[in-house]
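Letter by letter, the chains look like this.
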Amino acid sequence: MTDWNAELKSRLAGLTVRPEREADILDELAQHLDDEVRMRVGGGMDPGAARLEALSELDAPGELARRLIECETRPPLALPPPGAPARGRWFTARVSDVRYSIRTLRRSPAFALTVIITLALTIGPTTAILSVGNWLVWRPVPGVRDQGQLVEAQTGQWKDKNTGDGTIVSVSYLNLRDLREAGQTFVGLAGVQESNAHLAGDAIPPTDATVSWVTADAFDVLGVPFVAGRSFLPEEDAGPSGSPVMVVNEDLAERAFGSASGAIGQRLTLNGLPMTVVGVVASRFHGLTPTSFVDVWYPVSTYAYVNRFSDPSRFINRGGGLLSSFVIRLAPGKTMQALQAELDVLLPALAERYPDENKDFRAVSARLRPGLGSAYRDRSASMVSTLVTIGAVLLVLGCANVANVLMLRAVRTARERAIRLALGASRARLVALQLTESAVLAVTGALAGVALALWLKQLIATLLFPGVPEDFDFGPPLDLTVLAMTLGVSVACGLLAGFVPALLNRGVALHPAVTAAGGRSVTIGRRLRGVLAGAQLALSLALVTGSLLLVATMQRLHAVDLGFDPTGVSQHLVNPRRQGYPAVRAAAYFSDLQARLTGRSGFDVVSLAGLTPFGSSFRMRVQDSSGPDRPPLSVNANNVDSRYFDALRIKIVRGRAFTEAEARLDETVDYPVIIDQSLARRLFGDSDPIGRLVVIPAAGRSTLRRAPVVGVAADTHWNSIVGDQLPFIYTPLATIQGASVALVRSRLPMRAVTETVRAAAREIDPTLPVRLSMPVENLIDRRLAQQRVFFWMLSLLGWIAFALAAVGLYGLLAQSVTERTREFGVRMALGSGRGRIFALVLRYAAWIAGLGGLAGLGLAAWGTRLIETQLYGVTRLDPMIYAAATLALIVIVFATAIWPARSATRIQPIDALRTD
Amino acid sequence: MTYIRSGPSGRELKKGSAELLILSLVEDQPRHGYDIGRLIQMRSGGTLKFNVASLYPLLYRLEKRGWIEGRWVERAGQRRRRLYRLTTEGRKVLAAQRGGWLAFVRAVSRIAKVEI
């Protein structure tokens, strides 16, 4: 045995295979050489010569290595040889079609990029918009079984059942029990209501959590799965003091105790009171709407305990009651109408049976809504319909553009395809190739779109929820259903657009397509594309008009003088009363907090108040002394300390702010008030209000008190940027409910302010959470959230639409120049100047833009009705806005048209005549 | 990229014929590479000859397609040998190629008026 390795290896240079494979090849070739040598030696040859001769067979230079590389490293998917089974051939052909399409597209990068960008701009925003919409509104409430059988009910005396206008009436536990017993149309009737409470535990820093009080059967009625422990027992529903037990969400159980099962029997505190965890529900269930965030449930009977009610009668008496919102599961085969009819009988029957306790029930009826979260969905309805409209428009626009560009391409390649046909390619093959190209573009565009969607989704979410606390985990997932739908539509439209030219092609007679630069079909295609381009311009003009209207609105809203200066002011809410602090201790707590914060570096003013502007409202009735029989005035009220007007920079136009001593006066003594200018005008006309008396309700509201006016403050916007403002009255901090918010004017970043306030609060009482720390500007922004979303969406859409329309128009003009090359050549040959040719192209553009523009203005005049309610300080037909939008259209059209027009002037007559 | 619908091209035929030869040789019994090369040369009376540089790559290609299957056989004191045998799929291909070949040869001889 000779060692051939060195000889062989030198001839295998360049072959890269796995070492085992190389050893196999070496072995096998060595064996072959051995055999050759043995045969030659057997025939009498000298061994040395035999070796050389055997090796000489390998010596065609590089031959062995080349062939081995070819068969070892190339995939075995070459076309099967004749006679091989036909299976697998279809796939192989498609793979090579895709490769071919990619090569072709690389040769026209502008075309490919246009389509891909268009698709990305279509799929991305549409997917993002609809994902957020779906996440917010349409998706079923997670963790609830069979929601089609559920009905939400609210009990009250309704003026209008559709809008929910009326007075809510609570149902007591005893009444609820009677209803359940009598009801035939439903299998479950559970009370579920939500509010906030302080939640704390060993591993849970005190927070303000959304909690829900429920009847014991609530989880059964909803069909919520438990991962550990149990639901509430019927006896835990029995009042009056209830059992201090709770059911928690799996997420909370894991955060607090490490695991769901580990949570059972453990304690957390609600409002500082110990509660035992008896059950853990699946982490996906967080309450009754898609975006609820309830972590804790407790039995309704425990409400009095948790909220430190001294009088439990609201629970045990038939006339009391804590529940007015219910979830009802219909009996199989029963409808909501049947349920309504039954409740319409049962509720008045309760009034008849217990006329004293249930006297309110005579006029009570149940307001039913199908499924869960209807009220929540109603609130988002206008936002959602806008989102959907925008998504749909974008999708249509994008698809139209893709179709346009693909058709343009088809016309351009008509000659190539005609030649292929002439050379014997089947039409089916051409269609297949066209479709492959469309599919390659669609897939690439879709991928880019998904990337864009991921980014946009976050942007939209932030727009929708300005001022969401930083530590709140918010992120709607990219919705796969929505993505699939958008992908489906755009890919389908890409394929369709691939089909149209392929079909157009069917009518092309071979001869003219090959010889002339086009044929009839080109003219037909051009008209169609002209209409498409015009329609796109119209649509984008309408959208841009809408977005400009909203730009003006935003500007005007931001320019509104609110009467106070929110910049740099943040609110920090604390609720010691909820944790059982008596009034005096709560007041002391706030004074302590204020003292600790005042004078910190960067903290300019620290004020205490009952409420924050653009937070919540408190109404008070003030006697109108201007006439003897005038009804009392409804005014907004806030109880404030001596620094409030400094903190918010509200001007005191007459008199003075409260002194520190005045701010400490409570309801038990006489106290002064400050009124705003509009209240001063209403009550006292032009005379000086200082020192005059204002008649307001005393504590308990059954008696009246007279309060001297010590100051007049400038009018402020309390709750809305637009619309008429109610007059305002300021009372001393200790009145009404006492302090509940610290307002800090500071130059420090928000995070630093929040940290400082929290640290100071912890020093006083580590179990009390500071909640809703946020800049007052964010509170104001919340009121603008809707306009802001409209604004961003419409602007985004409008400019994308303009970009798409420009692309479409450019393609149309460029193509028309190519098609008219011969005509232009002839014109030039006959003495037409370049300027005239230039004008000719521009005139064509102007026609399209003119017609599209007119249609667009009409569309805008009609369509802006949809956003009319969002406008402020500008009418929906504002001529300046329409002029600006039209100007933008003209600029874009001419900027687009200039390039094809210039290329038309560069046509050489001689070349033009030669194109045929 | 149009596929011209016609019979196998010349190059394909030559490649096809080499494949046909190899497949036929391993049809009845497994053989090693040297054996295959030698048999082709012997049975064609020296007209057809494969050298190492084309024989082995072709064997590997056929093996990759799953038409033949190689297996190492070890004997004491000798270098291990690789024996190739026909797979089930290879058997089908062989049958098809034989048919195709026959048709081709007949067609050519009819046109070229060659007596076989």
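Up top is the structure these notes are about.
Everything numeric here is computed off the predicted structure, so don't read it as measured data. (Residues numbered from 1 in each chain as written. Chains lettered and ligands numbered in written order. Predicted model: local features only at pLDDT ≥ 70, side-chain atom pairs only at ≥ 80, totals over all residues. Heavy atoms only, no water.)

Draft legend 1. Region of interest: the overall build of chain A. A tally of helices and strands in chain A yields 30 helices and 22 strands. Each of the 916 residues in chain A was classed as buried or not, and the buried ones make up 52%. Total accessible area computed for chain A in this model is approximately 41000 Å², and 59% of it derives from carbon and sulfur atoms. (Helix = DSSP H or I, 4+ residues; strand = E, 2+ residues; numbered from the N terminus. Buried < 20%, exposed > 50% of the residue type's maximum accessible area, 1.4 Å probe, protein only. Areas by Shrake-Rupley, 256 points an atom, 1.4 Å probe, with all protein chains shown as cover.)

Draft legend 2. The arrangement of helix α3 (residues 52-64) of chain B in detail. Residue and element names in this part refer to chain B. Relative to the 18 Å expected for 13 residues at 1.5 Å per residue, α3 spans 18 Å between its end C-alpha atoms, a close match to the ideal helical length. The buried fraction of α3 is high, at 10 of 13 residues. Turning to α3, its buried residues are Val52, Ala53, Ser54, Leu55, Tyr56, Pro57, Leu58, Leu59, Tyr60 and Leu62. Once α3 finishes, glycine 66 follows within two positions and takes phi at roughly 85 degrees, a positive value. (Expected span 1.5 Å × (residues − 1).)

Draft legend 3. Looking closely at a nonpolar patch on the surface. Residues and elements named next belong to chain A. The grouping of Tyr810, Ile898 and Trp899 at the surface amounts to a nonpolar patch, some 320 Å² of accessible area in total. With respect to the helices and strands, tyrosine 810 occurs in helix α26 (residues 776-819). Tyrosine 810 sits in the partly exposed class, given a relative accessible area of 40%. (Patch = residues over 30% accessible without salt bridge, like charges linked within 9 Å, V, L, I, M, F, W, Y side chains within 5 Å. Salt bridge = Lys/Arg side-chain N within 4 Å of Asp/Glu carboxyl O.)

Draft legend 4. Summary view of the pattern of salt bridges. For the structure on display, the rule yields 32 salt bridges over all chains. One salt bridge connects arginine 230 of chain A with glutamate 236 of chain A, and the closest N-O pair in it is separated by 2.9 Å. Close ionic contact of glutamate 63 of chain B with arginine 82 of chain B constitutes a salt bridge, the shortest N to O distance being 2.5 Å. Here the residue glutamate 63 of chain B occupies a position in helix α3, and arginine 82 of chain B occupies one in strand β3 (residues 81-86), the gap between them amounting to 19 residues. For arginine 82 of chain B, a relative accessible area of 10% puts it in the buried group.

Draft legend 5. Quick look at the interface of chain B and chain A. Between chain B and chain A, the residue contacts involve 34 residues of the former and 42 residues of the latter. Taken together, the two surfaces of chain B and chain A that pack against each other cover about 3400 Å², and 58% of this comes from carbon and sulfur. Linking chain B to chain A there are three salt bridges. The partner of arginine 81 of chain B in a salt bridge is aspartate 35 of chain A, with the nearest N and O atoms 2.9 Å apart. (Contact = heavy atoms within 4.5 Å. Buried area = accessible area lost by both parts, 1.4 Å probe.)

Draft legend 6. Up close: the nonpolar core. All names here are of chain A. Membership of the largest hydrophobic core comes to 66 residues, with the highest contact counts inside it found for Ile129, Leu537, Leu550, Met793, Phe824, Ile881 and Val893. If you list the elements that add at least two residues to this core, you get α6 (109-138), α15 (381-412), α17 (427-464), α20 (520-559), α26, α27 (821-829), α28 (834-863) and α29 (879-905). It is α26 that provides the largest number of residues to this core, a total of 15 residues. Contacts of isoleucine 129, omitting those with residues within four sequence positions, involve Leu387, Ile390, Ile460 and Met793. Listed in part, the 48 residues of the second largest apolar core include Ala263, Leu330, Leu339 and Leu346. (Core = buried A, V, L, I, M, F, W, Y, C linked by side-chain atoms within 4.5 Å.)

Draft legend 7. A look at the pairing of strand β21 (residues 741-746) of chain A. Residue and element names in this part refer to chain A. Where burial is concerned, most of β21 is hidden: six out of the six residues are buried. Residue alternation in β21 divides its side chains into two sets, Val741, Leu743 and Arg745 and Ala742, Val744 and Ser746, and both sets are buried. Pairing of strand β12 (residues 569-573) with β21 involves five bridges; the strand directions are antiparallel. Residue glutamine 571 lies in a different strand from β21, and its bridge partner there is leucine 743. The pairing of strand β13 (residues 603-609) with β21 spans six bridges and is antiparallel. Directly across from phenylalanine 603, in β21, lies its bridge partner serine 746. (Pairing = 2+ DSSP bridges.)

Draft legend 8. A look at the sheet that holds strand β2 (residues 68-73) of chain B. If you walk across this open sheet you meet the three strands as β1-β3-β2 (chain B), and the pairing is antiparallel. Only two strands of the sheet have a single neighbouring strand rather than two, namely β1 (31-32) and β2 of chain B. Strands β1, β2 and β3 of chain B of the sheet are contacted by helix α2 (residues 19-42) of chain A, whose axis makes an angle of about 100 degrees with β3 of chain B. (Axes fitted to C-alpha atoms, helices over the stretch in contact; angles between N-to-C directions.)

Draft legend 9. Expanded view of the side chain of aspartate 765 of chain A. Residues and elements named next belong to chain A. You can see aspartate 765 is positioned in the loop between α25 (750-764) and β22 (771-775). An unpaired buried charge is present at aspartate 765: no salt bridge exists, and arginine 585, the closest side chain of opposite charge, is 4.8 Å distant. Not counting chain neighbours up to four residues away, the residues in contact with aspartate 765 comprise Tyr581 and Tyr589. (Lys, Arg positive; Asp, Glu negative; His and termini not counted.)

Draft legend 10. Representation of the environment of glycine 691 of chain A within the structure. Its location among the elements puts glycine 691 of chain A in the loop between α24 (677-684) and β18 (693-697). In sequence terms glycine 691 of chain A and glycine 655 of chain A are 36 residues apart; their C-alpha atoms lie 9.1 Å from each other.

Draft legend 11. Inspection of the environment of threonine 207 of chain A at higher detail. All names here are of chain A. Turning to its location among the elements, threonine 207 is positioned in strand β4 (residues 207-214). Looking at threonine 207, the relative accessible area reads 33%, which means it is partly exposed. For the pair threonine 207 and proline 769, spaced 562 residues apart in sequence, the C-alpha to C-alpha distance is 5.2 Å. If we ignore the near neighbours within four places in the chain, the residues touching threonine 207 are Ala197, His198, Leu199 and Pro769.

Draft legend 12. How the structure looks around the packing of helix α7 (residues 173-182) of chain A against helix α13 (residues 336-353) of chain A. Residues and elements named next belong to chain A. Running from N to C, α7 and α13 cross one another at 135 degrees; their axes reach a closest spacing of 11 Å. By the angle class used here, α7 and α13 are oblique. Where α7 crosses over α13, the handedness of that crossing is right-handed. Each of Asn175, Asp178, Leu179 and Ala182 in α7 lies in contact with α13, whose residues at this interface are Glu342, Leu346, Leu347, Leu350 and Arg353. Its residues assigned to classes, the contact of α7 with α13 comprises five nonpolar, one polar and three charged. (Parallel < 35°, antiparallel > 145°, perpendicular 65-115°, else oblique. Left-handed = near helix turned anticlockwise from the far one by under 90°. Nonpolar A, V, L, I, M, F, W, Y, C, P; charged D, E, K, R; others polar.)

Draft legend 13. Structural view of unusual backbone geometry. All names here are of chain A. If you check the backbone angles, asparagine 271 has positive phi at about 50 degrees while not being a glycine. Tracing the sequence through the fold places asparagine 271 in the loop between β7 (267-270) and β8 (273-281). Under the relative-accessibility criterion, asparagine 271 is labelled buried at 0%. With a phi close to 55 degrees, isoleucine 736 is a non-glycine residue in the positive phi region. Positionally, isoleucine 736 belongs in the loop between β20 (728-732) and β21.

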